[in-house]
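Coordinate inspection notes
For reference, the chains in residue letters:
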Amino acid sequence: MASSIRVRATANGDITEVQALIQHPMDTGFVKDAKGELIPAHYIQQLKFECNGKDVFVADWGTAVSKDPYVKFSFKGAKKGDDLKVSWTDNKGASDTTTAKIS
Amino acid sequence: MKTRTSILLGSLSAALVALALTSPRVVAADKVDPVADAKAFQNFFFQKFPNVKHEDFVNGPYSMNEDMKRQWQEKEEFPPYEFALDAGKEMFATPFKNGKTYADCFPNGGIGIRQNYPYFDEREGKVVTLELALNRCREANGEAPYSYVKDEMASLTAYMAFTSRGKPMDIKIPDDPRALAAFENGKRYFYTRRGQMNFSCAGCHVQSPGERIRAETLAPALGILNAMPIYRSEWSGMGTTSRRFVTCNSQTRAVPLEPQADEYRDVEYFLSYVANGLPISGPGARP
């Protein structure tokens with residue numbers, strides 16, 4: 001299966017701009033399905049971006065984040081060609097990881 | 001008695017002659033003329049919105065509002081339909097159980113053909129949409145059909161639209177009275193008011209594009225199907241043309257038809273034909 005994470009990171013001088021799109025249902029636990037039964041909560045608890053062994057962005061999420069979340073941020077101290085590692089874990093213990101080269 | 005009958009006959013034949021004399025004119029005035037209709041339809045929008053580039057109408061509400069357009073362009077760098085597009089590409093390439101693929105069902109292997117759909121099938125005497133053709137392809141190869149409104153169907157059409165991006169819409173109306181009747185029926189559906197709120201499709205998308213309806217900016221009807229299928233943030237997912245028609249109907253509190261009902265196929269035929277020449281921009285993203 002294709003990765004659930006799409007990431008693009010571009011370095012411009014000292015600043016690296018990161019955009020990421022993650023495929024995840026982000027169910028709140030308050031929504032009912034067509035049969036009227038509650039869809040159990042299923043959401044990303046932690047999203048982490050690492051660069052050169054250092055965490056550059058860590059997000060502790062709850063159910064208030066939308067389905068298929070999109071994240072954009074920038075940080076200092078990386079250069080073109082460095083690896084950016086992205087990983088998430090959800091409340092059901094599932095996780096995914098991908099690594100992108102900064103361009 | 002005899003004279004009366006002859007008088008009656010005489011007046012009847014006079015009426016018939018009168019009918020024969022006037023009827024050609026009546027037929028001419030009622031003749032279905034899709035070419036003139038498309039021209040009038042396009043000119044209406046071009047004159048109503050002289051500052052919008054013609055090829056920009058396919059971008060729906062973004063052609064009406066600068067601020068929304070900027071936000072959308074930023075979003076397009078990382079479009080929300082990307083997952084569906086990748087899934088569609090993979091599905092399109094995966095063979096059925098019998099070893100055949102979607103490519104075997106379509107001209108040019110299904111690549112770059114979105115602009116020719118829907119088309120009028122002269123054997124069936126009806127309009128055939130891309131979604132319908134895809135499900136018929138599945139059934140002909142022993143696979144279960146997909147839902148017409150979202151998920152797999154939207155992913156497949158997203159991929160097929162993507163391979164056709166920029167190509168001008170090219171819908172043909174063959175010289176067949178049934179094709180003209182389908183066009184006319186679609187047009188009638190488009191302009192007819194219905195539902196508790198008494199809306200017609202045209203009431204919003206011809207009379208009021210660019211205006212707001214609650215928080216939404218209305219898209220112009222011209223080129224509205226060129227962007228299909230769409231990722232709608234409101235749906236938090238993808239939807240096909242059928243889904244759009246069904247939700248439009250239920251939002252105006254009309255009773256929606258079944259997806260791919262004859263009327264929906266006809267209205268898709270009408271709307272696509274009048275957008276001939278405008279580029280395919282699907283898959284699209286809408287608020």
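Here the residue index of a chain counts from 1 through its sequence in written order. Here chains are named by letter from A upward and ligands by number from 1 upward, in the order in which they appear as written. In keeping with the model being predicted, local features are shown solely for residues with a pLDDT of at least 70 and side-chain atom pairs are shown and tallied solely at 80 or more, while totals for entire chains, interfaces and linings include all residues.

**Thoughts on the overall build of chain A**
- For chain A, the helix and strand inventory stands at zero helices and seven strands.
- Seen along its three principal axes, the alpha-carbon backbone of chain A occupies a region of about 55 × 25 × 20 Å.
- Here a residue counts as buried when 20 or more other C-beta atoms fall within 10 Å of its C-beta, as exposed when 12 or fewer do, and as partly exposed in between; the C-beta atoms come from the backbone. Going through the 103 residues of chain A one by one, you find that 17% of them count as buried.
- Each residue is represented by a C-beta atom placed from its backbone, and any two residues with such atoms within 7 Å are regarded as in contact. Partitioning the contacts of chain A with sequence separation of at least 6, the portion at a separation of at least 24 is 51%. Helix numbering and strand numbering both begin at the N terminus, where a helix is a DSSP run of H or I of at least 4 residues and a strand a DSSP run of E of at least 2.

**Considering helix α4 (residues 82–93) of chain B**
- Between the first and last C-alpha of α4 of chain B there are 17 Å, a value that for 12 residues agrees with the 16 Å anticipated at 1.5 Å per step.
- Buried-residue contacts for α4 of chain B involve α6 (151–162), β5 (230–232) and β6 (237–239) of chain B. Here, expected helix span is obtained from the residue count minus one, scaled by 1.5 Å.

**Section: the interface of chain B and chain A**
- In this complex, chain B contributes six residues to the contact, which on the side of chain A involves 10 residues.
- A per-class count over the side of chain B that touches chain A returns three nonpolar, one polar and two charged. When residue character is reported, Ala, Val, Leu, Ile, Met, Phe, Trp, Tyr, Cys and Pro are called nonpolar, Asp, Glu, Lys and Arg charged, and the others, Gly included, polar.

**Some details on the confidence of the model for chain B**
- The predictor rates its confidence in each residue with pLDDT, a number between 0 and 100. Model confidence for chain B is summarised by a mean pLDDT of 88, while 90% of its residues fall at 70 or above.
- Reported confidence for the predicted complex is 0.72 by ipTM and 0.82 by pTM.

**Section: the pairing of strand β2 (residues 15–22) of chain A**
Residues and elements named next belong to chain A.
- Here β2 shows a clear split, with T16, V18, A20 and I22 buried on one side and none of I15, E17, Q19 and L21 buried on the other.
- Pairs of strands are assigned from DSSP output, requiring at least two bridges between the strands. Summarising the sheet, strand β1 (residues 5–12) and β2 pair through eight bridges and their orientation is antiparallel. Across the sheet, the residue bridging to A9 is V18, located in β2.
- Between β1 and the antiparallel strand that follows it, β2, lie two residues; G13 among them carries a positive phi value of about 70 degrees.
- Relative to strand β5 (residues 70–76), β2 runs antiparallel, the two being bridged by seven bridges. What sits directly across from E17, in β5, is S74.

**Side note on the sheet that holds β1 of chain A**
Residue and element names in this part refer to chain A.
- If you trace the three strands from one edge of the open sheet to the other, you get β1-β2-β5, paired in antiparallel fashion. Single-partner strands in this sheet number two, and they are β1 and β5. Ignoring strand direction, the axes of neighbouring strands in this sheet form an average angle of 15 degrees. Throughout, an axis means a line fitted to C-alpha atoms (over the contacting stretch in the case of helices), and angles, computed between N-to-C directions, take values from 0 to 180 degrees.

**A short note on the nonpolar core**
- To define a nonpolar core, we join buried Ala, Val, Leu, Ile, Met, Phe, Trp, Tyr and Cys residues through C-beta atoms within 7 Å and take the resulting set. Of all hydrophobic cores here, the largest spans 58 residues; its most connected members are A84, A158, F270, L271, Y273, V274 and A275 of chain B.
- Ranked by the residues each element gives to this core, the list is headed by α6 of chain B, at seven residues.
- In this structure V274 of chain B touches D37, A38, F41 and Q42 of chain B, once residues within four positions along its chain are discounted.
- Ranked by size, the runner-up nonpolar core spans 14 residues in total, among them V18, M26, F49 and V86 of chain A.

**Side note on the packing of helix α5 (residues 130–140) of chain B against α6 of chain B**
Residue and element names in this part refer to chain B.
- In contact at an axis separation of 11 Å, α5 and α6 are set at 115 degrees when each is read in the N-to-C sense. Viewed along their axes, α5 and α6 adopt a mutual orientation that is roughly perpendicular. Judged by the twist between their axes, the crossing of α5 over α6 is right-handed. Of the residues in α6, those touching α5 at L130, E131 and L134 are M153, L156, T157 and M160.
- Taken together, the residues that form the contact of α5 with α6 break down as five nonpolar, one polar and one charged. If an angle is under 35 degrees, it is roughly parallel; if it is over 145, roughly antiparallel; if it lies from 65 to 115, roughly perpendicular; otherwise it is oblique. If you view the pair so one helix is near and one far, a crossing is left-handed when the near helix is turned anticlockwise from the far one by less than a right angle, and right-handed when it is turned clockwise.

**What about the sheet that holds β6 of chain B?**
Residues and elements named next belong to chain B.
- Judged by pairing direction, the sheet is mixed, and its three strands sit side by side in the order β6-β5-β7 without closing on themselves. The strands lining the two open edges of the sheet, one partner per strand, are β6 and β7 (284–286). Across this sheet, the average inter-strand angle for adjacent strands is 35 degrees, counted without regard to direction.
- Sheet topology places β5 next to β7; three bridges connect them, and they run parallel.

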